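# Survey of secondary and tertiary structure
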Amino acid sequence: MRRHVDLVLVDELHNLNLGSRAGAEASDQLKYFAERLPATFAYAGIDVESQGLFAGTRGRQIAGRFVVIPAAPFSHATNADKDAWRGLVSTLETMLRLHEHAPGTLTAMSDYLFHRTGGMIGSLSQLIRGAAVLAIEDGSEAVTEELLELVPIDFAAEQSEQLTAPVKATGRRRRAA
């Protein structure tokens, strides 16, 4: 039987330390594979440009073989941006297998989910997954905003939420001076 590989994904590339022997060997192995395997290679990492991955002889060899495609959180500035985000939320929602979850519930909360996660896919996925687990545990089998509020978010999303979330009414009114 003959098998082939079309796509190779390598994550956490920012952990590759070219200054160590193990990192240099791993780098050499990745270059070897990329040169000899008839496949598309996609490497993912955080701030790889500033982590020294392209420094020195090995780094220049890596930089000469690959294209850096910067990734950023989703934007929410235009209607097209909002539609793209809503589409992502909708796609994630279709993967929920909760007996009582009404389709479209999360999609209707896409603005809330954007502000809660800062437009970051990983944060969104963790938030929805956490609420789904709570929905199973409490027997409701549906993700609601109340359950989403119970799920802690990662630090990056928390920082973004503080900058972008609409101000919530506290129920108190300020008195005119």
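Report follows, based on the coordinates. Source: prediction; values computed, not measured.

Time to look at the pattern of salt bridges. Enumeration according to the criterion identifies six salt bridges in this entry. Between Lys31 and Asp28 there is a salt bridge; the shortest N-O distance is 3.2 Å. Of this pair, Lys31 and Asp28 both sit in helix α1 (residues 21-36), three residues apart, roughly one helical turn. Overall, the relative accessible area of 7% leaves Lys31 in the buried class. In this structure Asp28 comes out as partly exposed when scored by relative accessible area, which is 29%. Each of Asp28, Lys31 and Arg58 takes part in a single network of salt bridges with overlapping partners.

A few words now on the environment of Asp47. Summarising the element assignment, Asp47 is placed in the loop between β2 (40-43) and α2 (56-63). Between the C-alpha atoms of Asp47 and His14, which are 33 residues apart in sequence, the distance is 7.0 Å.

Scoring rules and cut-offs
Residues numbered from 1 in each chain as written. Predicted model: local features only at pLDDT ≥ 70, side-chain atom pairs only at ≥ 80, totals over all residues. Heavy atoms only, no water. Salt bridge = Lys/Arg side-chain N within 4 Å of Asp/Glu carboxyl O. Helix = DSSP H or I, 4+ residues; strand = E, 2+ residues; numbered from the N terminus. Buried < 20%, exposed > 50% of the residue type's maximum accessible area, 1.4 Å probe, protein only.

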